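Letter by letter, the chains look like this.
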Amino acid sequence: MSSPEEMDDTSEPPPSPPKNTYNDPDGGRQRFLLELEFVQCLANPTYIHYLAQNRYFEDEAFIGYLKYLQYWQRPEYIKFIMYPHCLYFLELLQNPNFRTAMAHPANKELAHRQQFYYWKNYRNNRLKHILPRPLPEPVAPQPPASLPPAPSAPAAPSPAPSPMQYSNMLPKNETRNMVSAGIDRRKRKKGP
């Protein structure tokens, strides 16, 4: 139950919101683009090293900003990210040990090398798991020579050989064989 004093307080109109609220002129587009650009810069270990060297990671406000930026990992925002490594580094930057380690140039180089090897082998590693290797086609037995050859149906196109297989298909041009065949193509000094 309410006391008579509380009833008097409820008769007053509720306080109105402040009249000087800030309205972004472009509806937040500028802020969105700035935060997107900053988050994607975190994909560069050299930039993270720069931030650590200049003691940005010692500022509590900056660490709070990094925590705030984790909303980019949600599906409605992740579709705008072009460099997905930035989200991995953003997650790592939540750890104080990683922030202090990135101040050392050796750790920056290690992160950069690991990122390079990931990109270098990403396609091949992914294709190993996505595309199963086709089974070898069974060899059909040869028909007897007394029968005329039957018209064959068009064969299915075989996959193109890899560049390594092309080297086995070309004839070898060895100079050792040419010398034994009587062909001598060595350059010699002409006598005086």
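Conventions we followed
- Residues numbered from 1 in each chain as written.
- Predicted model: local features only at pLDDT ≥ 70, side-chain atom pairs only at ≥ 80, totals over all residues.
- Heavy atoms only, no water.
- UniProt positions renumbered as here; feature names shortened; annotations may be inferred.
- Helix = DSSP H or I, 4+ residues; strand = E, 2+ residues; numbered from the N terminus.
- Contact = heavy atoms within 4.5 Å.
- Areas by Shrake-Rupley, 256 points an atom, 1.4 Å probe, with all protein chains shown as cover.
- Phe/Tyr/Trp six-rings, centres within 6.5 Å; stacked < 30°, edge-to-face > 60°.
- Buried < 20%, exposed > 50% of the residue type's maximum accessible area, 1.4 Å probe, protein only.
- Salt bridge = Lys/Arg side-chain N within 4 Å of Asp/Glu carboxyl O.
- Patch = residues over 30% accessible without salt bridge, like charges linked within 9 Å, V, L, I, M, F, W, Y side chains within 5 Å.
- Axes fitted to C-alpha atoms, helices over the stretch in contact; angles between N-to-C directions.
- Parallel < 35°, antiparallel > 145°, perpendicular 65-115°, else oblique.
- Nonpolar A, V, L, I, M, F, W, Y, C, P; charged D, E, K, R; others polar.
- pLDDT = per-residue confidence, 0-100.
- Core = buried A, V, L, I, M, F, W, Y, C linked by side-chain atoms within 4.5 Å.
- Disulfide = S-S within 2.5 Å.

Per an unreviewed UniProt entry, the protein is named Mediator of RNA polymerase II transcription subunit 31, and its organism is Brassica oleracea var. oleracea. Quoted verbatim from the Subunit (unreviewed entry) field of the UniProt record, the comment on the protein reads "Component of the Mediator complex."

Enquirer: Looking at this structure, I do not really get the overall build of the protein. What am I missing?
Expert: When helices and strands are tallied, the protein shows 10 helices and 0 strands. In sequence order, the protein lays out its α and β elements as α-α-α-α-α-α-α-α-α-α. Counting only contacts in the protein whose residues sit at least 6 apart along the sequence, the fraction spanning at least 24 positions is 68%. Carbon and sulfur atoms provide 58% of the accessible area of the protein, an area that totals close to 17,100 Å².

Enquirer: I would appreciate a short explanation of unusual backbone geometry in the present structure.
Expert: Comment: phi is negative for the bulk of residues other than glycine, and the bulk of peptide bonds are trans. Of note in this structure, R55 is not a glycine but carries a positive phi near 60°. By the secondary structure assignment, R55 is in the loop between α3 (45–53) and α4 (60–68).

Enquirer: Explanation requested: the packing of aromatic side chains in the structure shown.
Expert: When we look at a pair of aromatic rings, we describe it by the centre distance and by the angle of the planes. One pass over the full model with this rule turns up 16 aromatic pairs. Where F38 meets F62, the ring centres are 6.0 Å apart and the plane angle is 85°; that geometry is what we call edge-to-face. Of the two residues, F38 sits in helix α2 (residues 29–41) while F62 sits in helix α4, which places them 24 residues apart along the sequence. Among the residues examined, F62 registers a relative accessible area of 13% and is labelled buried.

Enquirer: Is there a simple way to think about the pattern of salt bridges in this case?
Expert: It is possible for side chains bearing opposite charge to pair when their charged atoms get close. The tally for this structure, following the rule as stated, stands at 4 salt bridges. Across the pair E35 and R31 runs a salt bridge whose closest N-O atoms are separated by 3.1 Å. Remark: R31 and E35 occur in helix α2; sequence separation between them is 4 residues, near one turn of the helix. E35 gets classed as buried once you look at its relative accessible area, which sits at 5%. Of the charged contacts, one joins R55 and E58 as a salt bridge, the two residues approaching to 3.3 Å between their closest N and O atoms. According to the relative accessible area criterion, E58 is exposed, its value standing at 54%.

Enquirer: Is there a simple way to think about a nonpolar patch on the surface in this case?
Expert: Where nonpolar side chains cluster on the molecular surface, the patch consists of Y118, W119 and Y122 and spans about 360 Å² of accessible area. Checked against the element boundaries, W119 lands in helix α8 (residues 105–130).

Enquirer: In this structure, what is going on with the packing of α2 against α4? I would like to understand it.
Expert: When two helices pack together, their arrangement is captured by the angle between the axes and the distance separating the axes. Contact geometry for α2 and α4: axes closest at 12 Å, N-to-C directions at 100°. With respect to their mutual orientation, α2 and α4 come out roughly perpendicular. Contacts between α2 and α4 involve R31, E35 and F38 from the former and F62, Y65, L66 and Y68 from the latter. Split by residue class, the contact of α2 with α4 holds 5 nonpolar, no polar and 2 charged.

Enquirer: Is there a simple way to think about the confidence of the model for the protein in this case?
Expert: Detailed reading of predicted coordinates is not advised where the pLDDT is low. Overall, the prediction assigns the protein a mean pLDDT of 75, with 59% of residues at 70 or greater. Looking over the protein, one finds the lowest element-wise mean pLDDT in helix α9 (residues 163–169), namely 51, and the highest in α4, namely 93.

Enquirer: Which parts of the structure should I look at to understand the nonpolar core?
Expert: General note: in soluble globular proteins, nonpolar side chains tend to be found buried as a group. Ranked by internal contacts, the top residues of the largest apolar core, which has 24 residues, are L42, F57, L66 and W72. Looking at this core, the elements that each hand over two or more residues are α2, α3, α4 and α6 (85–92). The greatest single-element share of this core, amounting to 4 residues, is contributed by α6. Leave out the neighbours within four places in its chain, and F57 touches I48, L51, A52, F62, I63, L66, L93 and R99.

Enquirer: Sorry if this is basic, but what is going on with the state of the cysteines here?
Expert: As used here, a disulfide is simply a covalent bond connecting the sulfur atoms of two cysteines. Enumeration over the complete set of coordinates arrives at 0 disulfides. Not part of a disulfide, C86 finds its nearest cysteine sulfur in C41, a span of 9.3 Å. Overall, C86 belongs to the buried group, its relative accessible area being 0%.

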